[in-house]
Amino acid sequence: MTGNEREGEITEGHARRAERARPAERALLDVRDLHVRYGGRGRGRRGGQVAVDGVSLSVAPEETLGLVGESGSGKTTVARCVAGLLRPGAGTLTFDGRSLGRAGRRPPELQRAVQMVFQDPRSSLNPRMTVASIIAEVWSTHPVTAPEGDRTEALHRLLADMGLDPEVASRRAGELSGGQCQRVSIARALAVRPRLLVCDEAVSALDVSVQAQILRLLVDLRGRHRLAMLFISHDLGVVHQIADRVAVMRRGVIVEEGPTGEVLTAPRHAYTRALLDAALDLDDAVPDDGTADDKVVV
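Residues numbered from 1 in each chain as written. Predicted model: local features only at pLDDT ≥ 70, side-chain atom pairs only at ≥ 80, totals over all residues. Heavy atoms only, no water.

Observations regarding the sheet that holds strand E1 (residues 29–38)
Sheets are built from strands paired through backbone hydrogen bonds, the pairs being either parallel or antiparallel.
Part 1: The antiparallel open sheet is built from 4 strands, whose spatial order is E2-E1-E4-E5. Where the open sheet ends on each side, the last strands, each with one partner, are strand E2 (49–59) and strand E5 (98–99).
Part 2: With 5 bridges connecting them, E1 and strand E4 (residues 90–95) associate as antiparallel partners. Each bridged residue has a counterpart across the sheet, and for His 35 the counterpart in E4 is Ala 90.
Part 3: Where helix H2 (residues 75–83) meets the sheet, its contacts fall on E1, E2 and E4, and the angle it forms with E1 comes to roughly 120 degrees. (Pairing = 2+ DSSP bridges. Helix = DSSP H or I, 4+ residues; strand = E, 2+ residues; numbered from the N terminus. Contact = heavy atoms within 4.5 Å. Axes fitted to C-alpha atoms, helices over the stretch in contact; angles between N-to-C directions.)

Observations concerning the packing of helix H6 (residues 178–190) against helix H7 (residues 208–225)
Part 1: In contact at an axis separation of 10 Å, H6 and H7 are set at 15 degrees when each is read in the N-to-C sense. One way to sum up the angle between H6 and H7 is to call them roughly parallel. Crossing of H6 against H7: the hand is right-handed. Listed contacts from H7 to Gly 179, Gln 182, Arg 183, Ile 186 and Leu 190 of H6 are Val 210, Gln 213, Ile 214, Leu 217, Leu 218, Leu 221 and His 225.
Part 2: Grouping the constituent residues of the contact of H6 with H7 by class yields 7 nonpolar, 4 polar and 1 charged. (Parallel < 35°, antiparallel > 145°, perpendicular 65-115°, else oblique. Left-handed = near helix turned anticlockwise from the far one by under 90°. Nonpolar A, V, L, I, M, F, W, Y, C, P; charged D, E, K, R; others polar.)

With respect to the sheet that holds strand E3 (residues 64–68)
Part 1: Pairing is mixed across the open sheet formed by 6 strands, whose spatial order is E6-E7-E8-E3-E9-E10. Each edge of the open sheet carries a strand with a single partner, namely strand E6 (114–117) and strand E10 (253–259). Sheet twist, expressed as the average angle between the axes of neighbouring strands with direction ignored, equals 15 degrees.
Part 2: Note: E6 against strand E7 (residues 196–200), 4 bridges, orientation parallel. Pairing of Val 114 across the sheet is with Leu 196, part of E7.
Part 3: Here H7 sits on the sheet and contacts E3, E7 and strand E8 (228–233); the angle it forms with E8, its principal contact strand, is near 160 degrees.
Part 4: Sheet strands in contact with helix H10 (residues 270–278) are E3, strand E9 (245–250) and E10, and its direction is about 105 degrees off that of E9.

A closer look at empty space enclosed by the protein
Taking a probe equal in size to a water molecule and rolling it over the atoms shows the remaining empty space.
Part 1: Taken as a whole and assessed by the stated rule, the structure comprises 1 cavity of 30 Å³ or more.
Part 2: If you add up the space inside the largest cavity, you get close to 40 Å³.
Part 3: Residue lining of the largest cavity: 11 residues in total, with Glu 201, Val 203, Ser 204, Ser 233 and Val 238 positioned closest to the centre.
Part 4: Considering every element that reaches the lining of the largest cavity, the biggest residue donor is E8, with 3 residues.
Part 5: The residue inventory of the lining of the largest cavity, partitioned by class, reads 6 nonpolar, 3 polar and 2 charged. (1 Å grid on protein atoms, 1.4 Å probe; cavity = no way out; pocket = protein on both sides within 12 Å on 5 of 7 lines; lining within 4 Å. Points joined across faces, edges and corners; volume = space filled by probe spheres on them.)

Describing the nonpolar core
Part 1: Within the largest apolar cluster, 53 residues are counted, with the highest numbers of intra-cluster contacts made by Met 162, Ile 186 and Leu 218.
Part 2: Setting aside its immediate chain neighbours within four residues, Ile 186 contacts Val 117, Met 162, Ile 214, Leu 217, Leu 218 and Leu 221.
Part 3: Judged by nonpolar contacts, the second largest core, of 32 residues, contains Ala 51, Cys 81, Leu 86 and Leu 100. (Core = buried A, V, L, I, M, F, W, Y, C linked by side-chain atoms within 4.5 Å. Buried < 20%, exposed > 50% of the residue type's maximum accessible area, 1.4 Å probe, protein only.)

Here's the deal with the packing of helix H4 (residues 131–141) against H6
Part 1: H6 packs onto H4 with a crossing angle of 20 degrees between their chain directions and a minimal axis gap of 9 Å. In terms of orientation, H4 lies roughly parallel with respect to H6. Handedness of the crossing formed by H4 with H6: right-handed. On H6, the residues touching Val 131, Ile 134, Ile 135 and Val 138 of H4 are Val 184, Ala 187 and Arg 188.
Part 2: Residue composition of the contact of H4 with H6, by class: 6 nonpolar, no polar and 1 charged.

Have a look at this one:
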């Protein structure tokens, strides 16, 4: 395939996704002028190291925004602020027009609406708890989302949606593989019926073939559950397969943002071009059957 053919194919695919996820009049997630420092003093965190320096971004309903950058660029800090795990020094975060505070201070409906899938699937689950107990705990915390009737049957359906056998429900998290743990983590997030899923390097800690399967799962779940996603990654080769738009971060600021097809085929910033050079061949795609060779993702 020639370079022009490849660019045309990428642009056409992302144009279809952009049409489906055209931003609404009001963004689902809106982040304005976000500032975060580590190691400073006082409420404004004077001094210390700047992690995020005036970041603004938005995610429309059912849209996926890829936030890309190297380690230390500040993208995970943005994700943690959105999820309510970190309080910014300055800036505003709103969800469907409502202010987002720390997770513990958010009303239950906003706690449920924004869920996070972490990078390390093993450390995000209690290894001593069974999968059934992990999901039951979520339903106990948010009873309004608990299924009516037979919860065991509902749990098995949820696990089946994740590509897991029903017998996994009785196993402890510490007995599962990394890929199984990540599927359980996604199931835990979806059990409360969120509207926005924050995925922080959700495939980077997994084996290559498993990465492709989890990525394919996320693409499928996004469509079936009408989810919006903030998808964090260091790899544009991964993001191009799932994101409608891309924002590129470097040293705490966004240096480039736009529709995925445009950013991949005509990057304006030298840093974006460097990330593209480091990515694998953009012709590679995640196959529908969930299998992949070693060239799909890194």
